[in-house]
Structure formats: C-alpha cells, structure tokens
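The chain contents come next:
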Amino acid sequence: RISISRISAMLSIAATSLPAFTAPLLPHATRVAAPVMKAEGEIGVTPPLGVWDPLGCLAEPVDYPRRDYRRYVELEIKHGRIAMLATVGVLTTEAGFRWPGYLSKSLDLKFADLPGGCFDSYNAVPALGWLQIVGFVIFLELAYGATDPSKEPGDVGGISWVRYDDPEAKTFKLNAERQKGRAAM
C-alpha cells in the first residue's frame, strides 16, 4: 500500500525535475553570413553544403595556395579512402561475411568467431593482431603513402590507375570521391 507521504514525495520530485524535460527558450534568430569560398571551384566544394566550416577556421583571410594546403588535401583523400574501406568492412561483417580460416591459431580464434560491428570486433582482436595491423599500416604509409610532387594529390596508383582526360568527368569523379570520403569519416 502506498502512503500519502510517498505520493507527495514522488509528486514533489516530478515537479522539480519537470524543467529538465522542457526545451530551453531560443534567443531571437540572428542572420549568420554564409561562408565565402576561399578557393573558387575547389574540388569537394559542392552544393548543398558548399564550404562547411563549423569551427570558423576559414574566417581569417588566407592566401592561396597555402604552403601546406596540398598536404591537407592529400591527408583528406587518404583518410577518406581509409574510412570508406572501414565502412565497407563493417557492413560486410555485419552482413555475416567472414574470411575462412584462423585469425589466431594459438588462441584458436577463427574469423567466423569475430562478432560484427565496430566496437565488438575491435575488442575481439588480440593485442598482437592489432600490433600486426598497425605495423602493416605504418609500412604502407612509409612505402607508398607520400604522393609524388609531380602528380595530383591522391594519385598514388601506378600505370594501371584510371585517369580521366575529360576535365568534367575528372572533376565529377574527384568530387564524388571527396564527398563519399567525408561521409564515411
């Protein structure tokens, strides 16, 4: 049986916590100036976002080309490619596809035993496995990571790499790659 004092205590707690469940009042709307493109026609600056700069890093005047701007572009492309590959990896493991064989023979851990998803599979891989993965990525970065200065940023492929002669097709493909990489990141 619930007593009157318990009911009054629950009502007082509910009444004092009620403001926690209401939205705060918004100040009057102020117009925010749209960001201005700093490099007109830059790859990756497309509608509907245009230049997305939530931290205001582009607010200061910048002289183009920046000294390190090429390196930033290379890093964005590289990290976008890694993020796209990781996204495909998560989707395929969630769909149930696994490599045949053992991830660790000494621990009797098969690829089929790994759970799907980002964090579960991360925690299931042994520490030595992560050491091998990190070592392999460092090797790739040092051996093949830097783009030849005579090539465009992100052009790390050999002679079999597809390159587009048509400027419109090339711009479309580069914009698509940059946007998909940003979405995956």
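Reading guide: rules and limits
Residue positions are counted from 1 within each chain, in the order its sequence is given. Local features are withheld for residues below a pLDDT of 70 in this predicted model, meaning they are given only at 70 or higher, and side-chain atom pairs are given and counted only at 80 or more; totals for whole chains, interfaces and linings count all residues. Note that the side-chain values use all heavy atoms of the structure and ignore hydrogens as well as water. Here a patch means residues that are over 30% exposed by relative accessible area and free of salt bridges, tied together within 9 Å if like-charged and within 5 Å if nonpolar (Val, Leu, Ile, Met, Phe, Trp, Tyr). Only the protein chains shown count as covering a residue, and every accessible area follows the Shrake-Rupley method with a 1.4 Å probe. Salt bridges are identified by distance alone: a Lys or Arg side-chain nitrogen within 4 Å of an Asp or Glu carboxyl oxygen. For helices the rule is a DSSP run of H or I covering at least 4 residues; for strands it is a run of E covering at least 2, with both sets numbered from the N terminus onward. Here the term buried applies to any residue with accessible area under 20% of the maximum for its type, exposed to any over 50%, and partly exposed to those in between, with areas from a 1.4 Å probe on protein chains only. Between the rings of Phe, Tyr and Trp (Trp by its six-membered ring), a pair exists once the centres lie within 6.5 Å; its type follows the angle of the planes, with under 30 degrees stacked, over 60 edge-to-face, and the other angles tilted. Helix span, expected: 1.5 Å multiplied by one less than the number of residues in the helix. Contacts are assigned to residue pairs that have any heavy atoms within 4.5 Å of one another. Residue-level confidence of the predictor is what pLDDT reports, using numbers from 0 through 100.

Side note on a nonpolar patch on the surface
Point 1. On the surface, Phe136, Phe139, Leu140 and Tyr144 cluster together into a nonpolar patch covering about 450 Å² of accessible area.
Point 2. Tracing the backbone shows Leu140 in helix α4 (residues 127-144).
Point 3. Overall, Leu140 belongs to the partly exposed group, its relative accessible area being 34%.

Observations regarding the packing of aromatic side chains
Point 1. Considering all chains together, one arrives at one aromatic pair under this definition.
Point 2. Consider the rings of Tyr122 and Trp130, whose centres lie 4.9 Å apart with planes at 45 degrees: the pair is tilted.
Point 3. By relative accessible area, Tyr122 is classed as partly exposed at 49%.

Structural notes on helix α5 (residues 167-184)
Point 1. Spanning 18 residues, α5 covers 26 Å between terminal C-alpha atoms, matching the ideal 26 Å at 1.5 Å per step.
Point 2. When we look at burial in α5, the residues that qualify are Asn175, Ala176, Arg178 and Gly181.

Here's the deal with the environment of Val73
Point 1. Turning to its location among the elements, Val73 is positioned in helix α2 (residues 69-94).
Point 2. We classify Val73 as buried; its relative accessible area is 11%.
Point 3. Put simply, Val73 and Pro153 are 80 residues apart on the chain and 6.5 Å apart in space, counted from C-alpha to C-alpha.
Point 4. Not counting chain neighbours up to four residues away, the residues in contact with Val73 comprise Pro153 and Arg178.

Focus on the side chain of Asn175
Point 1. The residue Asn175 is located in helix α5 in this model.
Point 2. Judged by relative accessible area, which is 12%, Asn175 ranks as buried.
Point 3. Discounting residues that sit within four places of it in the chain, Asn175 has contacts with Ile43, Gly44, Val45 and Thr46.

What to know about the pattern of salt bridges
Point 1. Scanning the model with the defined rule gives four salt bridges in all.
Point 2. A salt bridge links Arg182 to Glu76, with the shortest nitrogen-to-oxygen separation between them at 2.5 Å. Taken together, the positions of Arg182 in helix α5 and Glu76 in helix α2 put the pair 106 residues apart, joining distant regions of the chain.
Point 3. Notably, a salt bridge pairs Lys78 with Glu141, separated by 2.7 Å at the nearest N-O pair. Residue Lys78 is found in helix α2, and its partner Glu141 is found in helix α4; the two are separated by 63 residues along the sequence.
Point 4. A cluster of three or more residues bridged by salt bridges with shared partners is formed by Glu76, Arg178 and Arg182.

A word on the side chain of Lys78
Point 1. Given a relative accessible area of 17%, Lys78 falls into the buried group.
Point 2. Leaving out residues up to four positions away in the same chain, Lys78 has contacts with Arg71, Glu141 and Gly145.

Digging into the environment of Leu75
Point 1. Position of Leu75 among the secondary structure elements: in helix α2.
Point 2. With 79 residues separating them along the chain, Leu75 and Gly154 place their C-alpha atoms 8.4 Å apart.

Points about the confidence of the model for the protein chain
Point 1. Overall, the predicted model of the protein chain reaches an average pLDDT of 76, with 68% of residues at or above 70.
Point 2. Between the elements of the protein chain, mean pLDDT differs from a low of 68, seen in helix α1 (residues 4-17), to a high of 90, seen in strand β2 (residues 109-110).

Describing unusual backbone geometry
Point 1. The backbone of Asp108 sits at a positive phi, close to 55 degrees, despite the residue not being glycine.
Point 2. Within the secondary structure, Asp108 is located in the loop between β1 (102-104) and β2.

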